[in-house]
Amino acid sequence: MIATLAASALIALMTSALSPRMGRWVFLIPAIASGVAFVYFLTLAPAILSGEAVEESIEWIPSLGITLAFRMGALQLLLALVVTGVGAMILAYSVWYFESKTLKSRTVGLLTGFAASMLLLVLADDVILLVIGWELTSVFSYLLVGLNHHSRKNRSAAQTAFIVTTAGGLAMLVGAVMLGSEAGTYTLHEILAQPPESTITTVAVMLLLAGALSKSAIFPFHFWLPGAMAAPTPVSAFLHAAAMVKAGIYLSAALVPAFADIPLFRPTLIVLGVATMLVGAYRALLQTDIKVLLAHGTVSQLGLLMTIVGIGTKTALMGGLAMLAAHAMFKASLFMVVGTIDRQYGTRQLTKLGTLRKDRPLLAVAATLAAIAMAGLPPAMAFAAKEAGLEAAWEAISLPGVLTWLSVLAFAGIVVGSMGTVAYTLRFLIGTFFVDSRLREALDDEPFIVRHGMWPQLVALFPMVLAVLGIVSGFFGKPITAALEGATASAPVGEASYLALWHGFTPALAGSAIAVVGGFIVWRLFGRSMAAPVEPRFSAAAAYAGMMRGLDRLAVEVTGRTQSGSLPVHVSTIAVTVTVLAGAGLAFASLGAPKLVVADSVGQLVVGIAVSVCALVAANTRGRLKTFLLMGIVGYGTAMMFLLHGAPDLALTQILAETVLLVLLVLVLRHLPKYFTNRPLRGVRWLRALLAACVGAVAGLGALFAANSRNEASISDRFYELAYSFGFGRNIVNVTLVDIRAWDTVGEISVLLAAATGVASLIFIRTRVVDPVGTLRGRRGRPDTSKVGPGWLRAGATADMQGRAPMLEMMTRLLFPVMLVVAIYLLFAGHNDPGGGFIAGIVAGLALCVRYLAAGALELAEAAPIDAGKLLGGGIILAALSLIGPVFFGGSVGQSYDYTIEILAMGEIHFVTSVFFDVGVFLVVLGTVLDFIRSLGAGIDTQWRNDQTPRPSAHSDRTVPVRSRGAQS
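Computed from a prediction, not measured in an experiment: that's the story for all the values here.

Go over the overall build of the protein, please, and point to the residues and values.
The helix and strand tally for the protein stands at 38 helices and 6 strands. For the protein, buried positions account for 49% of its 969 residues. Counting only contacts in the protein whose residues sit at least 6 apart along the sequence, the fraction spanning at least 24 positions is 77%. When the accessible surface of the protein is totalled, it reaches about 45,800 Å², and 67% of it is carbon and sulfur.

And the structure:
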């Protein structure tokens, strides 16, 4: 099973890349693969039908008890056969449906990816993994419905479907976590075997049902499905008829054996299922677009499925699962019929169709067979399944544990809903293929284009295969019953019946007869009208649209009132929130008196006093440079504290980071006023001072109490051992960063990448590379320094004599190579001694800072003739690959390997593969510092120079200064 899922994901990636070359024929690859998977699952059927279950698993998060567990029982086998079997037919049909010239390369990959995510959902035996597959189907549905993103209709439909199904998915996630926590396991079959009994369990199951109802378009979530039909017809046939919308039915059927007796379980499914049947059938009778008609019909029949499953007995579960398979076959067949009509005739309107039986006899036969199944007429399997549902509803009237009124509602709802199904089936079939030609000509004389030839005729074989299967399977009731017994054996009440075309004269047969006769009467009275459908004034779709408009309006109002553009207001809001919430938590928490240690040594006491004095003075000075220098002293004092506590790595990192920060602040200060403000101080200053004091007090007390609240052994105690056994290094800090918690480090350097990109985007418009002459240029080429005169630095002689600092240039020339050597040493020595990629990156970045400060932007461009974006991207990719790489060599994610290499002149060299991760961190940090220097240094210099450059006025001989867009911002 795992191999099948992996192959599906790989094919999804491969076919997207092959699509531009192979065109529409690329669909044959996933079609064949899906057919092979179908055959593979069939080979597992004998063992599964004998009562066994196929299980495979891989440990994912052992500490949380979460495993990549897969299990195939009878229920999962049925859904897997539907996904792969119907999927193979639809993918093969797509070869004809799509045109190579207009085919988007991502289409085939998205369809194949959806199939893989649907299989993941069906086969997952871990509820968290099931939720992941659930959400992946929503994502693929969103992308496929919005395939034509230029169409506003498609974008809106994709967004609606995604929001509705994802909202249900979030509720389902909460329910899955609650249920797994209450049961003590997240393994689905173990939860169902021994279901917990509690109020929390009831709430969790209802949250799971919320996800099921939204995914299967059950009232009041039904409105998203007809809109999703804006997708290409193969997408509608696969996702929104045969596969994705069945996910909610699958989950409900899986929960029935364990939770059907929960008080709200049956009422929710039956009441909402009946409402969905009636609403969907009514809306289908109003449509003139045959694809939208089938969409509303799908909504109605999903309500039928949910109603039958919701009865919760063995017979009901048998009928519901049989109807699920039957519905997938006939509805996929009908959608392919509609797609064929649309592609060949260029219309889906009933007012323009009617005599297609003459032009497309094979297509008319396929549509008729599928329509017989959709109407629930014998000998289709859908008839036997519907009979089982009616029989289950009738028997449930007298069964203990099932409310009588619910059983009556279910029986009556199935009969009335089936009447609607017969009516809109007649509207579709007769209106498309069998309407008298003279009546059709009177309705619309506009001709349409017909595609002739043998291939348009033979394409009817695709829907014909599924339609014939839907009819023929009705004669195999007993084998199908035996195949489904494994999925229905554990249902809580009732005795299992069997699927058959004839049970004698029973109430179920009477209900079917009433449905057929009543449906014909309804069609005669209401189903033949060709008036354009009118959207109801009050509907779930209108309610959703109103809710979204209200949400947008609320967002605009809240944003307008809170985002005032004032930095002091924003910072004050955050500070007040922190003070109130965190302060209230400290005030009302039952915390004992913390153990307070003033200092471990005199040095700590002296440094602490110095840091406190500098912080107070910095808060009360108006000079910008003075304030930032005092803040720098506070940072260096903190580094000294780290050093006195025996943490040289932290101290070195703090010192280097503080130095870079000071340099960058000085670069920004060059073009800012000397003082924060020249206006007289107002009383609000004291209010802000009070707020700052409160924030500081809350932060200090929070840190103090947090440090004294530990009641468990620190996890870092194990790091002493893990540093040697897992990371093969003596520097615990560096081993922690690159081995023990490497994924956290990836997150941290990702934040650095985002910060650098954000700063650069504020300064630059098109590219990160700055032309020292003063104009933005492309990424190619180095600055022209061929005409530079003598000097200590390559670009130093180009500066103004008044702006040059020969001593600084000389020291820079001496220090730069030394700093780079030190950076490389720290990079490779950090695994055993103080250092590492982060520290090395900052040292190399400071070397570039020195070059810039000594001779300006041209010297920086000469020192680092590379785009910082390439360093950032290359670093993050290298770090990620170094973590994932061991998997391809039989190891685990993030595993390190230790090698000892002998070199004649140097002796033995100890090499650990985590050095590649450290190199990635080094590149990201270096790229970040370089981006900051170019943005806040050379970039601002360029814009300032442009601001001072005069240009001729268009209306006079005067000149006016040029203001760049970046400077204005």
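The structure having been displayed, the exposition proceeds.
So what's going on with unusual backbone geometry? Residues and values would help.
Geometrically, the link from F219 to P220 is a cis peptide bond, its omega value of 10 degrees lying close to zero. Mapped onto the elements of the fold, P220 is located in the loop between α8 (199-215) and α9 (224-228). Cis geometry is found at the peptide bond from P378 to P379, where omega equals 5 degrees. Position of P379 among the secondary structure elements: in the loop between α16 (361-374) and α17 (381-396). With phi around 55 degrees, F728 is a residue other than glycine that occupies positive phi space. Here F728 lies in the loop between α30 (719-725) and α31 (732-740). Given a relative accessible area of 25%, F728 falls into the partly exposed group.

Report on the packing of aromatic side chains, specifying residues and quantitative values.
Tallied over the entire structure, the rule returns 14 aromatic pairs. Residues W502 and F505 carry aromatic rings whose centres are separated by 5.2 Å and whose planes lie at 85 degrees to one another, so their mutual orientation is edge-to-face. Like W502, the residue F505 is exposed in the burial classification. Every member of this aromatic cluster is reached through a ring pair, and the members are F27, Y93, W96, Y97, F98 and F462. The ring of Y675 has R622 lying over it, and the distance from NZ or CZ to the ring centre is 5.8 Å.

Talk me through the packing of helix α4 (residues 106-123) against helix α5 (residues 127-145); I want residue IDs and the actual numbers.
At a closest axis distance of 8 Å, the pairing of α4 and α5 adopts a crossing angle of 155 degrees. In terms of their interaxial angle, α4 and α5 are classed as roughly antiparallel. α4 and α5 meet at a crossing whose hand is left-handed. Counting all contacts with α4, which are made through T107, L110, L111, G113, F114, S117, M118, L120 and L121, the residues of α5 involved are L129, L130, G133, W134, L136, T137, F140, L143 and L144. Partitioned by chemical class, the residues of the contact of α4 with α5 number 13 nonpolar, 5 polar and no charged.

Thresholds applied
Residues numbered from 1 in each chain as written. Predicted model: local features only at pLDDT ≥ 70, side-chain atom pairs only at ≥ 80, totals over all residues. Heavy atoms only, no water. Helix = DSSP H or I, 4+ residues; strand = E, 2+ residues; numbered from the N terminus. Buried < 20%, exposed > 50% of the residue type's maximum accessible area, 1.4 Å probe, protein only. Contact = heavy atoms within 4.5 Å. Areas by Shrake-Rupley, 256 points an atom, 1.4 Å probe, with all protein chains shown as cover. Phe/Tyr/Trp six-rings, centres within 6.5 Å; stacked < 30°, edge-to-face > 60°. Lys NZ or Arg CZ within 6 Å of the ring centre and 35° of its normal. Axes fitted to C-alpha atoms, helices over the stretch in contact; angles between N-to-C directions. Parallel < 35°, antiparallel > 145°, perpendicular 65-115°, else oblique. Left-handed = near helix turned anticlockwise from the far one by under 90°. Nonpolar A, V, L, I, M, F, W, Y, C, P; charged D, E, K, R; others polar.

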